[in-house]
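# Inside the fold
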Amino acid sequence: MLQINKLRENIEGAIELLKVRNKDFTSEINGILSADDKRKASQSELDSVLAESNRLSKEIGDLFKSGKAAEASVLKQETVLLKEQSHALKEEMIEAEEEIKRLLYIVPNIPHVDVPTGKDDSDNKKIDEEGTIPNLHAEALPHWEIADKYGLIDFELGVKISGAGFPVYRGKGAKLQRALINFFLDEATEAGYEEVILPHLVNEASGIATGQLPDKEGQMYHTEVDNLYLIPTGEVPITNIFRDVIIKEIEFSHKLCGYTPCFRREAGSYGKEVRGLNRLHQFDKVEIVRVEHPENSYVVLDDMVEHVKSLLRKLELPFRTLRLCGGDLGFTAALTYDLEVYSAAQKRWLEVSSISNFETYQSNRLKLRFKNKEGKTQLAHTLNGSALALPRILAALLENNQDEKGVRIPEALVKYTGFDYLD
RNA sequence: GGAGAGUUGGCAGAGUGGUCGAAUGCGGUGGUCUUGAAAACCAUUGUGCGGCAACGUACCGGGGGUUCGAAUCCCUCACUCUCCGCCA
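Basis of the calculations
- Residues numbered from 1 in each chain as written.
- Chains lettered and ligands numbered in written order.
- Predicted model: local features only at pLDDT ≥ 70, side-chain atom pairs only at ≥ 80, totals over all residues.
- Heavy atoms only, no water.
- Core = buried A, V, L, I, M, F, W, Y, C linked by side-chain atoms within 4.5 Å.
- Buried < 20%, exposed > 50% of the residue type's maximum accessible area, 1.4 Å probe, protein only.
- Helix = DSSP H or I, 4+ residues; strand = E, 2+ residues; numbered from the N terminus.
- Phe/Tyr/Trp six-rings, centres within 6.5 Å; stacked < 30°, edge-to-face > 60°.
- Lys NZ or Arg CZ within 6 Å of the ring centre and 35° of its normal.
- Pairing = 2+ DSSP bridges.
- Contact = heavy atoms within 4.5 Å.
- Axes fitted to C-alpha atoms, helices over the stretch in contact; angles between N-to-C directions.
- Domains from an automatic or database assignment.
- Buried area = accessible area lost by both parts, 1.4 Å probe.
- Salt bridge = Lys/Arg side-chain N within 4 Å of Asp/Glu carboxyl O.
- Polar contact = N/O pair within 3.5 Å; in protein donor to acceptor, adjacent residues only side chain to side chain.
- Nonpolar A, V, L, I, M, F, W, Y, C, P; charged D, E, K, R; others polar.
- Left-handed = near helix turned anticlockwise from the far one by under 90°.

## With respect to the nonpolar core
Generally speaking, nonpolar side chains in soluble globular proteins are found buried as a group. Judged by nonpolar contacts, the single largest core of 62 residues is most densely connected at L180, F184, L312, V341 and I393. Top contributing element to this core by residue count: helix α7 (residues 172-190), with 8 residues.

## Quick look at the packing of aromatic side chains
Enumeration according to the criterion identifies 4 aromatic pairs in this entry. With 6.0 Å between their ring centres and 70° between their planes, F183 and Y416 make a pair best called edge-to-face. A residue pair is termed long-range when its members are at least 10 positions apart, and F183 in helix α7 and Y416 in helix α13 (residues 411-417) qualify at 233 residues. F183 sits in the buried class, given a relative accessible area of 2%. Ring centres of F331 and Y361 lie 6.2 Å apart, and the angle between their planes is 85°; this geometry places the pair in the edge-to-face category. Residue F331 is found in the loop between β11 (319-323) and β12 (335-343), and its partner Y361 is found in helix α11 (residues 361-366); the two are separated by 30 residues along the sequence. When its relative accessible area of 26% is taken as the criterion, F331 is described as partly exposed. Lying across the ring of F419, K172 places its NZ or CZ 4.8 Å from the centre. For the cation-ring pair, K255 lies above Y193, with the distance from its terminal atom to the ring centre recorded as 4.9 Å.

## Some words on the sheet that holds strand β16 (residues 381-389)
The 8 strands lie next to each other as β1-β11-β12-β13-β16-β10-β9-β4, forming an open sheet whose pairing is mixed. At either end of the open sheet lies a strand with only one pairing partner, and these are β1 (125-130) and β4 (194-195). Relative to β12, helix α12 (residues 390-400) is tilted by about 30°, and along the sheet it contacts β10 (282-292), β12, β13 (348-359) and β16.

## Some words on the sheet that holds strand β7 (residues 228-230)
Sheet architecture is open: 3 strands sit in the order β5-β7-β6, paired in antiparallel fashion. Because the sheet does not close on itself, it has two edges, and the strands there are β5 (201-202) and β6 (222-223). Across 2 bridges, the pairing between β6 and β7 is antiparallel. Opposite T223, over in β7, you have L228 as the bridge partner.

## Description of the domain arrangement of chain A
Interface size, as often reported, equals the accessible area lost upon joining of the parts. Here chain A is described as being made up of domain 1 (4-106) and domain 2 (121-422). Taken residue by residue, the interface counts 6 residues in domain 1 and 11 residues in domain 2. Both sides together, the interface formed by domain 1 and domain 2 hides about 590 Å², and carbon and sulfur atoms give 47% of it. When the buried area of domain 1 at its contact with domain 2 is split by residue, V20, R21 and Y105 rank highest and sum to 81% of it. The interface formed by domain 1 and domain 2 contains 0 salt bridges. Run the count over domain 1 and domain 2 and you get 3 residue pairs in polar contact (both at pLDDT 80 or more). By residue class, the composition of the side of domain 1 that touches domain 2 is 4 nonpolar, 1 polar and 1 charged.

## A short note on the packing of helix α2 (residues 11-18) against helix α3 (residues 26-65)
Orientation of α2 relative to α3, taken along the N-to-C sense of each, is 145°, at an axis distance of 10 Å. The two elements α2 and α3 meet at a crossing, and its hand is right-handed. Across the interface between the two elements, I11, I15 and L18 from α2 touch T26, I29 and L33 from α3. Its residues assigned to classes, the contact of α2 with α3 shows 5 nonpolar, 1 polar and no charged.

In C-alpha cells form, the structure reads like this:
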C-alpha cells in the first residue's frame, strides 16, 4: 500500500501517474488524506486526555500512600469524565484508521513514469525480440499432442485424480520437468541467489503482507479447518521471510530463489486459452526475489530481466520482452517486464515470466525496513520475477524443437535430463 | 488427539497492581587507552504515532475485561515447549 506521507509530498503527481491505469483515484486519495487528518486530530486530543489521566492516576497513588484517602477519592471523580472522553476519542481514531486502511487497500501502486499508456495486453510495449522462430514441418503438432504421442504428460489421468488443470507428468516428461527445475535453480544460484525451500501453505498474515489478501481471495485455494492458503506463487512465502524485519543498510542486497509448486483456482478461465499446459491449477515455478535499497532497485530490475533472458537464450527459445502498459500492470507493481516465448505450433506468444519492481508498496505492508545513514528506518524496495514458470516453457520446447521423428532437447538441459532426444 | 508449562527489548533473563519502556548479562554502536588489535573502562543502544522541538502517547504474543492506575489480576484466541498416544 501507498505511504501517506509520500503521497502528501506530491498529491497531484500521484493522481496524474495513477491515471495511466485508466482510472481516476482522486476521490480515494482525498479520502485517505482527510481521514488521515481526522486521525491525527483525534490522536492529538486523545494523547492529551491520556496525559492528564496518567497524571491524575499518579497523584491518586501518591495520596493513597500518604494516607489522604478522602482527597484521592475526589480526584477519582475527575478521572471518570476523562475516561469517557478517551473512549470516545479512541473510537474516533479507530474509525479514521479503518477508513484509511479501507481506501489504501483499493488504491494500487503508483506506476513508474516509464509505464506506457494502454488499455490491455495488446498495448504492452515491445522492448526487444530475440531468437529465430522455427519453420515447422507440415505435420507439426501442438504440445498437448506431442506430450500425448511420446507419453510425457497424461492430462486425462490428472482429471481422474484431481480435475482439469492438474496434469500428470510421466517418465521422460517427469524427468524433463525435474531437469528444468534443477537447471533454473542452478542458474539462479550461480547468479548469486540463495536457494530456499519454504512452506507451500501460508497463513492469513502472509497473504495480506504480499497483497493476495484481501483483494484476491478468490484466486487462492483455502483450507477451511486450519485457515491456511495454498500459495499461488513462491513470492508469498519467500517475500514473507522479510515481514516485520528491519535490516541494516550494509546488508543489502538480499537475493533469494526458490522452487515451489503454485496453486491457482483460475475461476472463470476456459477455452483454447487453457488448452494443454497454457493455464493450470497446479504448476511449477522457480521464483527470484530481491530486497534492495531504493536507490538501486531499477538497476536491479534490469539485472533480473537480464538473468531471465539468459535462461531463455540457453534454452534456445525465441522470446520478446514487453513493458506492461498501465491497463495490464498488476495492482502492486510500479513497473513490470513480461517475457514471452514463441510457441511455434500454437503460433502464440506465451508469457513465461513477469518481473516487477514493487518499490515500497509491498514493503509497507510487510513492514520491511532498513536503517538509513541518518539512523532512521526507511522502507526497502522489493522485486520479484519468475525464473521461470515451467509449463509454458515446456510447451514451447516441445513445439519448437519437434521434427518428424521426435523432439530435440536443448544442449543446456541434456546434462540434467540424461537424454537429448524424445521419441 | 490427551495432560501440563510457557510467550517480556537483537538474544538470554528479572519483574510485589502505582516510582516499569521495563533490572541484569550478552550482543551492537561511539569513545578512552594502544603503533594497531584484544582486554579493560566510559557512554549509548526498541518500534509506531503526534510535534519544528521540548515533549506527549501507545506497545511486555493477539483481542477483550476489572481498576483512579495492569507486563503484573480475570476471560478468550493464537502460538511455542515438555510428557503420553499416533505416525512419514
